[in-house]
Amino acid sequence: MKVYADNAATTALSSAAKTAMLPYFDSIYGNPSSLHSFGQEAARALSSARDTIAKHLNADAREIIFTSGGSEADNQAIISAAMLGAKKGKKHIISTKIEHHAVLHTLDRLKKQGFEIELLEVYSDGIVHPKDLEKAIRSDTALVTVMYANNEIGTIQPIAELGGICRERNVIFHTDAVQAAGHIPIDVKAENIDLLTISAHKFHGPKGVGALFCRRGITLTNLIDGGAQERGKRAGTENVPGIVGMAAAFEEACTNIEANAARVSAMRDRLIEGLLEIPESILNGHREKRLPGNVNLCFKGIEGESMLLLLDSMGIAASSGSACTSGSLDPSHVLLAIGLPHEIAHGSLRLSLSEYNTEEEMDYILTAVPQVVARLREMSPVWKKMQEAK
């Protein structure tokens, strides 16, 4: 049996997205900046897609900027807020230790430019406490950036409360919602969000396309210059097929969000309960406040990469953390941030599900993972020492 359980890394393109995209490859191929009818037909498709994305975020269409994905959108959001703050003498930025590297590496760059970066601690369940943010905000704070839901452990943050604190203190609030969008409802107005980033391929859209929500009144700093596309905020001819596909996928995901979340959460909970029966296993992240499809556990005495290779040989695609750091031998910065020691963090397994998964696949995972863990522990000197110590 083949089982794809790495949907946090990327998802399969939906039929709705594929169908929507096809005409824009070979029949409606005009440049949307052109004034002739070919171009204006493409421009209307862009406008419709913008309306769709905005509708499901409770935003205005003029607040949506199309990008090449979540990383670009994160970069532009953070750099823009930093530049706005610097103009007012504000160079203090608050984030957390569990952010995606698209955020953390951008903050590292700003630190080299003289900004002071403060990374909040998270608790063992991966939650950022609003009281910690309240204490951290200063008169020179330019930006707070906290991810909506973590890509590794699935923890969902109290975004509305965090955003409310920032709104009261007149501080720009950005959230990386790449993992959340299309899976849990998002309302930028109700949740006091100023800047928000999404990526199509996390909700069955195409790769290489994303969007940035920028609340009206916030001026963006251009990362790419050269043309007047996206109201002059992101130069380059728009990826019309990709954008149309993203909108179609987002429409489908948000329309079915409650039913999908209920079904996927049930499979998630079944996996968590079953895998926690393995001795010396640990669930990472908050038990309830987590993404519908996220299962992340550590198994003491084994190494995660070996577990992934064995599972792959059995037809199961999984992960030990973020796809963006899969070439690294270092343990997850997220797992270290929630307090796990290196030797345990190395034995992590992330299974991320979507509505395309089945109960039969869950049966297979619940059979395969215990077998793999047992096999690796038989060969592990670390596990033997642990047993001898008992």
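For the structure, see preceding data.
## Things to note about the overall build of the protein chain
Then, number 1: Helix and strand counts for the protein chain come out as 14 helices and 12 strands.
Then, number 2: The C-alpha radius of gyration of the protein chain comes to 22 Å, within 12% of the 21 Å expected for a compact globule of 390 residues.
Then, number 3: Taken along its principal axes, the extent of the C-alpha atoms in the protein chain is 75 × 50 × 35 Å.
Then, number 4: Out of the 390 residues belonging to the protein chain, those deemed buried represent 57%.
Then, number 5: Sequence separation of 24 or more characterises 73% of the internal contacts of the protein chain that already satisfy a separation of 6 or more.

## Side note on the side chain of Thr67
Then, number 1: Here Thr67 shows up in strand S2 (residues 64–67).
Then, number 2: You can call Thr67 buried: its relative accessible area is 4%.
Then, number 3: There is a polar contact of 2.9 Å between the side chain of Thr67 and the backbone oxygen of Gly69.

## Structural notes on the sheet that holds strand S10 (residues 294–299)
Then, number 1: With antiparallel pairing, the three strands of this open sheet are ordered in space as S9-S10-S12. Each end of this open sheet is capped by a strand with a single partner; those strands are strand S9 (281–283) and strand S12 (348–352). On average, each strand axis in the sheet is inclined to that of its neighbour by 25°, with strand direction left out of account.
Then, number 2: Pairing geometry for S9 and S10, over three bridges, is antiparallel. Each bridged residue has a counterpart across the sheet, and for Ile282 the counterpart in S10 is Cys298.
Then, number 3: Against the sheet, helix H9 (residues 257–275) engages S9, S10 and S12, with an angle of about 10° to S10.
Then, number 4: Strands in contact with helix H10 (residues 304–313) are S10 and S12; relative to S12, the strand with the most contacts, it is inclined by about 45°.

## Quick notes on the packing of aromatic side chains
Aromatic ring pairs are described here by two measures, namely the spacing of the ring centres and the angle between the planes.
Then, number 1: This model, assessed by the stated rule, comprises two aromatic pairs.
Then, number 2: Centroid distance Tyr29 to Phe38: 6.3 Å. Interplanar angle 35°. Geometry classified as tilted.
Then, number 3: Of the residues examined, Tyr29 reaches a relative accessible area of 53% and is grouped as exposed.
Then, number 4: Consider the rings of Phe203 and Phe250, whose centres lie 4.9 Å apart with planes at 45°: the pair is tilted. On the criterion of sequence distance, the pair formed by Phe203 in the loop between strand S7 (195–199) and strand S8 (210–214) and Phe250 in helix H8 (residues 240–255) is long-range, its members being 47 residues apart. The two residues Phe203 and Phe250 agree in class, both being buried.
Then, number 5: Directly above the ring of Phe115 sits Lys91, whose terminal nitrogen or CZ lies 4.7 Å from the centroid.

## Observations concerning the pairing of strand S3 (residues 92–96)
Then, number 1: With five of five residues buried, S3 is to be regarded as a mostly interior element.
Then, number 2: Going residue by residue along S3, you find His92, Ile94 and Thr96 tucked away on one face and Ile93 and Ser95 tucked away on the opposite face as well.
Then, number 3: As defined by bridge partners, S3 adjoins strand S4 (residues 116–120) across five bridges and the pair is classed as parallel. Directly across from Ile93, in S4, lies its bridge partner Ile117.
Then, number 4: Remark: the S3/helix H5 (residues 101–112)/S4 crossover connection has right-handed handedness.

## Description of the side chain of Thr52
Then, number 1: Its place among the elements puts Thr52 in helix H3 (residues 37–57).
Then, number 2: If we ignore the near neighbours within four places in the chain, the residues touching Thr52 are Ala247 and Glu251.

## Comments concerning unusual backbone geometry
Then, number 1: With phi around 55°, Arg231 is a residue other than glycine that occupies positive phi space.
Then, number 2: For Arg231, the position within the fold is in the loop between S8 and H8.
Then, number 3: Relative accessible area serves as the criterion here: at 44%, Arg231 is assigned to the partly exposed category.
Then, number 4: At Glu280, a residue that is not glycine, the phi angle is positive and equals roughly 55°.
Then, number 5: By the secondary structure assignment, Glu280 is in the loop between H9 and S9.

## Description of the sheet that holds S3
Then, number 1: Ordered in space as S2-S8-S7-S6-S5-S3-S4, the seven strands form an open sheet in which the pairing is mixed. Lying at the two open borders of the sheet, with one neighbouring strand each, are S2 and S4. Between one strand axis and the next, the sheet turns through 20° on average, direction left out of account.
Then, number 2: Here three bridges tie S3 to strand S5 (residues 141–145), and the two strands are oriented parallel to one another. Bridging from a neighbouring strand, Ile94 pairs with Val144 of S5.
Then, number 3: Contacting S2, S3, S5, strand S6 (172–176), S7 and S8, helix H4 (residues 70–87) runs over the sheet at an angle of about 165° to S7.

## Considering the pattern of salt bridges
Side chains that differ in charge, positive against negative, can pair when their charged atoms come close.
Then, number 1: Going through the model one piece at a time under the given rule, you end up with 17 salt bridges.
Then, number 2: Here Lys55 ties to Glu251 by a salt bridge, and the two come within 3.1 Å at their closest N and O atoms. Here Glu251 lies in helix H8 and Lys55 lies in helix H3, a separation of 196 residues in the sequence.
Then, number 3: Judged by relative accessible area, which is 51%, Lys55 ranks as exposed.
Then, number 4: Between Asp194 and Arg215 there is a salt bridge, with its nearest N and O atoms 2.6 Å apart. Of this pair, Asp194 sits in the loop between S6 and S7 while Arg215 sits in the loop between S8 and H8, and the two are 21 residues apart along the sequence.
Then, number 5: The partly exposed category is assigned to Arg215, whose relative accessible area is 31%.
Then, number 6: Each member of the salt-bridge network shares a partner with another, and the members are Arg268, Asp269, Glu273 and Arg287.

Rules of the game
- Residues numbered from 1 in each chain as written.
- Predicted model: local features only at pLDDT ≥ 70, side-chain atom pairs only at ≥ 80, totals over all residues.
- Heavy atoms only, no water.
- Helix = DSSP H or I, 4+ residues; strand = E, 2+ residues; numbered from the N terminus.
- Rg over C-alpha atoms; globule rule 2.2 N^0.38 Å.
- Buried < 20%, exposed > 50% of the residue type's maximum accessible area, 1.4 Å probe, protein only.
- Contact = heavy atoms within 4.5 Å.
- Polar contact = N/O pair within 3.5 Å; in protein donor to acceptor, adjacent residues only side chain to side chain.
- Pairing = 2+ DSSP bridges.
- Axes fitted to C-alpha atoms, helices over the stretch in contact; angles between N-to-C directions.
- Phe/Tyr/Trp six-rings, centres within 6.5 Å; stacked < 30°, edge-to-face > 60°.
- Lys NZ or Arg CZ within 6 Å of the ring centre and 35° of its normal.
- Right-handed = clockwise from strand over helix to strand, strands pointing away.
- Salt bridge = Lys/Arg side-chain N within 4 Å of Asp/Glu carboxyl O.

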